[in-house]
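# Coordinate analysis (summary)
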Amino acid sequence: MNILKELANRDRVFDFLAPADSPVDVRHGPILYMEDVTVSFDGFKAIDNLNLTIDDGELRCIIGPNGAGKTTMMDIITGKTRPDTGKVWFGSRHDLLTMNEPEIARLGIGRKFQKPTVFEALTVFENLELAMSADKRVLPTLTARMNGAMRDRIDEVLEMTGLVAQRRQLAGILSHGQKQWLEIGMLLMQRPRLLLVDEPVAGMTEQEMERTAELLTGLAGKQSVVVVEHDMGFVRSIARKVTVLHQGSVLAEGSMDQVQGDPRVIEVYLGESEEAV
Ligand SMILES: Nc1ncnc2c1ncn2[C@@H]1O[C@H](COP(=O)(O)OP(=O)(O)OP(=O)(O)O)[C@@H](O)[C@H]1O
């Protein structure tokens, strides 16, 4: 009970809402730096000497045929998979290979998996509230003691995700697209510096895809966003810079036009059942 009381104390629970200097140092370089990263599974190199840098505030799209290593790359960044060799730095101060998954998440790397995992029996508002709370078991306590800053942040995220009108709706009755936006919103509640988004538009209608494009391009600048996506039309609609992965390393990098015109890229996509580049 004492613990609950402590958690309900505004000053303690909402400490993290106070504007704090981010511990991530990007003054002298990129927000994410991967150098010569290699990972083998039973002798098979899923990631093979991968070199990748993401600038602060950048929106980067990562494409590549099935099995290129895109998911494994995200797993390495978030600490789920440890590489055999290489360096992975978040800003110039944080060596991610010395940190575990929760530590990396707390540092400001958020990951959105392909399938939405919102709490369907809670409202949109409650989902966002829960995403902000340090302890996922104390929702009722927090609701009773919510402060202005917390409400403001929820309003801001509802606005960003286009879910203002749905704030009191149960998440379970949202459309597929709305659930995806809510989940992105839940990540935004934690104010991540880098957001990793896996196939955000799979299963979406054209209209939902357009809205998702607006959402993701709107986030860029405020935070860095890395989007892994197979839908080339969507990638074209949001991409500034595209990285093509193939057999665990970077095959090409540049504007959508540059990579689409690259003969090596065309070659690896030939025979793919997905929409060709
Ligand atoms: N835990 C694992 N054990 C063995 N092999 C694995 C493991 N994880 C990934 N792989 C293999 O590593 C390669 C890269 O897989 P990964 O899932 O990263 O590719 P991907 O680019 O995300 O593919 P997709 O576009 O199909 O999602 C694949 O050949 C995959 O079979």
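Anything mentioned here points back to the structure above.
Our subject in this report is the structure included herewith. Here the structure is a predicted model, which means the values were calculated and not measured.

Relative to the elements of secondary structure, Leu128 occurs in helix 5 (residues 124-132). Between the alpha carbons of Leu128 and Thr38 there is a distance of 37 Å; along the sequence they are 90 residues apart. Discounting residues that sit within four places of it in the chain, Leu128 has contacts with Ile154, Val157, Gly185, Met186 and Met189.

In the vicinity of the ligand, the residues found are Phe41, Ala46, Gly64, Asn66, Gly67, Ala68, Gly69, Lys70, Thr71 and Thr72. A total of 3 residues in the shell around the ligand trace back to one element, the largest contributor, which is helix 3 (residues 70-77).

Here we take up the nonpolar core. Counting 67 residues, the largest nonpolar core has Ile77 and Ile238 as the members making the most contacts within it. Here this core gets 6 residues from one element, more than from any other, and that element is helix 8 (residues 176-188). Not counting residues within four places of it along the chain, the set of residues in contact with Ile238 comprises Leu59, Cys61, Ala213, Leu216, Thr217 and Val227.

Take the pairing of strand 10 (residues 249-254) next. Examined bridge by bridge, strand 9 (residues 241-246) and strand 10 share 5 bridges and lie antiparallel to one another. By the bridge assignment for strand 10, Leu245 is matched with Val250. Once strand 9 ends, the chain turns through 2 residues before running back antiparallel as strand 10, passing Gln247 with a positive phi of about 50°.

A separate point is helix 3. Within helix 3, 7 of the 8 residues are buried, leaving the element largely enclosed by the surrounding structure. All of the buried residues in helix 3 are Lys70, Thr72, Met73, Met74, Asp75, Ile76 and Ile77. After helix 3 finishes, the residue Gly79 shows a positive phi value of roughly 85°.

Definitions and cut-offs
- Residues numbered from 1 in each chain as written.
- Predicted model: local features only at pLDDT ≥ 70, side-chain atom pairs only at ≥ 80, totals over all residues.
- Helix = DSSP H or I, 4+ residues; strand = E, 2+ residues; numbered from the N terminus.
- Contact = placed C-beta atoms within 7 Å.
- Near = placed C-beta within 6 Å.
- Core = buried A, V, L, I, M, F, W, Y, C linked by C-beta atoms within 7 Å.
- Buried ≥ 20, exposed ≤ 12 C-beta atoms within 10 Å, placed from the backbone.
- Pairing = 2+ DSSP bridges.

Purely geometric numbers; function is a separate question.
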